[in-house]
Every structure is written in structure tokens, then in C-alpha cells.
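# Commentary on secondary and tertiary structure
Residue-level listing of the chains:
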Amino acid sequence: MIELRIDDGVAEVVLNAPEKLNALDEDALHELSAVYGRAAAARVRALVLRGEGRAFCAGRDISTVDPATDDVPHFLGDVLTPLLRRMSAFPAPTFAAARGACLGVGLGLLIATDVVYVADDARIGSPFAALGAMLDSGGHALFYERLGAHRTLDLVYTGRLLSGAEAVAAGLFSRAFPTDEVEDAAMDAARAAATGATAAFLASKALVARLRDERLGLWDAVAAENVGQAALSATADYREGFTAFQHRRAPRFQGR
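Treat the numbers as computed from the prediction; the structure is a model and nothing was measured.

## Re the layout of surface pockets
- Approximately 1,200 Å³ is the volume attributed to the largest pocket.
- Along the wall of the largest pocket there are 36 residues; nearest its centre are Ser-88, Ile-111, Ala-112, Thr-113 and Arg-212.
- Those elements that place two or more of their residues in the lining of the largest pocket are helix H2 (72-88), helix H3 (105-111), strand S6 (115-119), helix H4 (139-158) and helix H7 (198-214).
- Looking at which element gives the most residues to the lining of the largest pocket, the answer is H7, with nine residues.
- Tallied by class, residues from the lining of the largest pocket come to 20 nonpolar, eight polar and eight charged.
- Taken as a whole, the second largest pocket spans an internal volume of roughly 510 Å³.
- Element by element, the count of residues in the lining of the second largest pocket is highest for H2, at three residues.
- Of the residues belonging to the lining of the second largest pocket, the class tally is 14 nonpolar, two polar and three charged.

This is the structure we're talking about:
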């Protein structure tokens with residue numbers, strides 16, 4: 001169900017179960033985690049995540065779940081959360097191309113990705129208001145941080161889904177594109193990143209994670225930037241970038 005293609009330093013991860021809108025059961029989540037592990041081991045310099053067919057991911061596949069015996073702590077705590085952490089910490093820039101349904105677990109996959117491009121008419125949010133369940137997969141944190149308490153609870157209580165265009169306008173994700181352009185846009189961005197200064201990108205990725213998780217203030221963030229820049233100054237790509245700028249030519253980064 002999960003496909004991995006690697007070409008010229010870029011990994012393409014494809015959720016390939018279009019007949020069920022790429023909904024994911026526990027086995028599929030384990031498979032997705034393993035694919036990210038394989039991509040990391042291959043030392044790719046960028047990764048793109050997308051869904052095959054008309055949807056990105058309609059969430060958890062509950063077609064065979066018995067709510068009377070569903071082990072929710074295991075599914076969320078032992079399976080889903082470790083996957084989202086692995087995705088978030090992937091050692092290269094990550095991009096997602098999302099069209100159609102991006103619901104529940106599918107929303108979580110986007111939250112765990114560095115850069116998210118969505119189709120204008122994507123449907124983003126959670127159908128949980130109709131299931132007697134609460135928003136999960138990091139949705140509360142994303143919505144509250146970007147939308148505030150009132151708009152978050154409005155979406156929770158009503159179950160209303162945001163379009164891709166609305167989500168980008170609200171600052172939830174990176175950019176919106178026409179449906180037939182979103183996957184090419186994400187792949188183009190990933191290819192560009194794969195030829196860039198990988199160490200510098202990862203330093204920024206780590207600092208953004210600290211800003212999110214540790215709520216660093218301005219001067220703590222400046223201090224962290226100073227430390228990171230000092231470390232980067234010892235890399236080959238830093239020297240190449242400066243030399244290229246001084247000689248007015250395009251840099252030839254090697255990712256180190």
C-alpha cells in the first residue's frame with residue numbers, strides 16, 4: 001500500500017490505496033514508518049509525501065474496527081504518535097502534496113511534514129464530530145496555534161472542513177495550488193531542496209522545532225541561531241556558498 005521511489009536524492013512516498021481514499025489501518029502505519037526508515041537510511045536529501053488518486057488520506061481505516069474492543073491507547077500512543085515523531089524528525093527537508101480529503105490521521109501526516117502544499121479544493125479537518133470522538137493527530141495544537149480558541153472549537157463542534165485555499169489563508173499550511181498542479185509543485189520544491197545546503201536546512205528545521213516545542217523567546221532564539229551558524233561555518237557547503245557569492249556564480253552544494 002505504501003510505495004517508495006528514490007530518484008536523484010529525492011524520495012517519493014506514495015499512499016497507494018485510492019479505492020479507500022488512502023485511509024490507513026495499523027498495518028499501513030507500520031509500513032509507512034518502515035518506508036521513512038528506508039528513505040532515511042538511503043540518505044536522501046529531500047522527501048515528498050502524496051496520496052494516489054483523488055484523496056491524500058481520509059484518515060484511519062475504521063472499516064473493520066469494533067468500537068467495543070478498539071484499543072485506542074495502543075493505536076494512538078504506540079503506533080500513530082511514534083510514526084508522526086519519526087516523520088517530523090526525518091533527516092532531510094520534507095514536502096507533502098495534498099488534494100481531496102485530508103482528514104484525521106491524514107491531517108496528522110501533514111502536520112508532521114515540513115512544507116505542505118495543498119490543492120485549492122482539498123478538504124482539511126476531522127469528521128470526528130459525527131463519530132463521538134475528539135480531534136487527534138496533533139490537530140488541536142495546529143488549529144489553536146494558528147486559529148485561536150474560538151475558531152478551533154467552532155471547527156470541532158461543527159465538523160466543518162476547511163478548503164485548501166482557506167487553510168493556507170489561515171496560515172495552517174504553506175501554499176495552495178490548482179489540483180492538477182499541486183504534486184508537481186511539491187516535487188519541484190523537493191528537487192530544488194535536494195541540491196541545496198542540507199546541513200543549513202536541517203539546522204533551521206531543528207530550530208523551528210525548538211521554537212514550537214520549547215517556546216523560545218527572541219533572545220534565546222538569537223542565541224540558538226548564533227550557535228547554529230558557528231557550526232555551519234565549518235562545513236564545506238558554507239565555504240562553497242560564500243565563495244560562489246563572492247565570484248557571482250551559482251553554488252554547487254554537496255549536502256555537507
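## Focus: H4
- Given a rise of 1.5 Å per residue, 20 residues ought to cover 28 Å, yet the end C-alpha atoms of H4 are separated by just 15 Å, more than 12% below that figure.
- The principal kink in H4, of about 125°, is found at Gly-148.
- Looking at the buried side of H4, the elements it contacts are H3, strand S7 (123-125) and strand S8 (162-163).

## So, the pattern of salt bridges
- For the coordinates displayed, the defined rule picks out 16 salt bridges.
- With a closest N to O distance of 3.7 Å, Asp-188 and Arg-191 form a salt bridge. Separated by three residues within a single helix, Asp-188 and Arg-191 lie in helix H6 (residues 182-194), roughly one turn from each other.
- The class for Asp-188 is partly exposed, based on a relative accessible area of 48%.
- Here Arg-249 makes a salt bridge to Glu-240, at a shortest N to O gap of 2.7 Å.
- It is possible to trace a salt-bridge network through shared partners that takes in Glu-3, Arg-5, Glu-12, Arg-50, Glu-52, Arg-99 and Glu-183.

## Remarks on the sheet that holds strand S3 (residues 46-51)
- Ordered in space as S1-S2-S3-S4-S6-S9, the six strands form an open sheet in which the pairing is mixed. Looking at which strands have only one partner, the edges of the open sheet turn out to be strand S1 (2-7) and strand S9 (175-177). Averaged over all pairs of adjacent strands, the angle between their axes in this sheet comes to 20°, without regard to strand direction.
- As paired strands, S6 and S9 are joined by three bridges and run parallel to one another. Bridge pairing in S9 places Tyr-117 opposite Arg-175.

## Some details on the environment of Arg-249
- Summarising the element assignment, Arg-249 is placed in the segment after helix H9 (236-246).
- Separated by 184 residues in the primary sequence, Arg-249 and Val-65 have C-alpha atoms spaced 58 Å apart.
- Among all residues touching Arg-249, those that are not within four sequence positions of it are Glu-240, Thr-243 and Ala-244.
- Here Glu-240 takes part through its side chain, which lies 2.7 Å from a polar atom of the side chain of Arg-249.

## Description of the packing of helix H1 (residues 26-41) against H2
- Two elements in contact, H1 and H2, have axes whose closest approach is 10 Å; the angle formed by their N-to-C orientations is 25°. When the axis of H1 is compared with that of H2, the two are roughly parallel. At the point where H1 passes H2, the crossing takes the left-handed sense. Contact residues: Glu-26, Leu-29, His-30, Leu-32, Ser-33, Ala-34, Tyr-36 and Gly-37 in H1; His-74, Phe-75, Val-79, Leu-80, Leu-83, Arg-86 and Met-87 in H2.
- Class assignment for the residues of the contact of H1 with H2 results in nine nonpolar, four polar and two charged.

Cut-offs applied
- Residues numbered from 1 in each chain as written.
- Predicted model: local features only at pLDDT ≥ 70, side-chain atom pairs only at ≥ 80, totals over all residues.
- Heavy atoms only, no water.
- 1 Å grid on protein atoms, 1.4 Å probe; cavity = no way out; pocket = protein on both sides within 12 Å on 5 of 7 lines; lining within 4 Å.
- Points joined across faces, edges and corners; volume = space filled by probe spheres on them.
- Helix = DSSP H or I, 4+ residues; strand = E, 2+ residues; numbered from the N terminus.
- Nonpolar A, V, L, I, M, F, W, Y, C, P; charged D, E, K, R; others polar.
- Expected span 1.5 Å × (residues − 1).
- Bend = angle between axes of the 7 residues up to and from the residue.
- Contact = heavy atoms within 4.5 Å.
- Salt bridge = Lys/Arg side-chain N within 4 Å of Asp/Glu carboxyl O.
- Buried < 20%, exposed > 50% of the residue type's maximum accessible area, 1.4 Å probe, protein only.
- Pairing = 2+ DSSP bridges.
- Axes fitted to C-alpha atoms, helices over the stretch in contact; angles between N-to-C directions.
- Polar contact = N/O pair within 3.5 Å; in protein donor to acceptor, adjacent residues only side chain to side chain.
- Parallel < 35°, antiparallel > 145°, perpendicular 65-115°, else oblique.
- Left-handed = near helix turned anticlockwise from the far one by under 90°.

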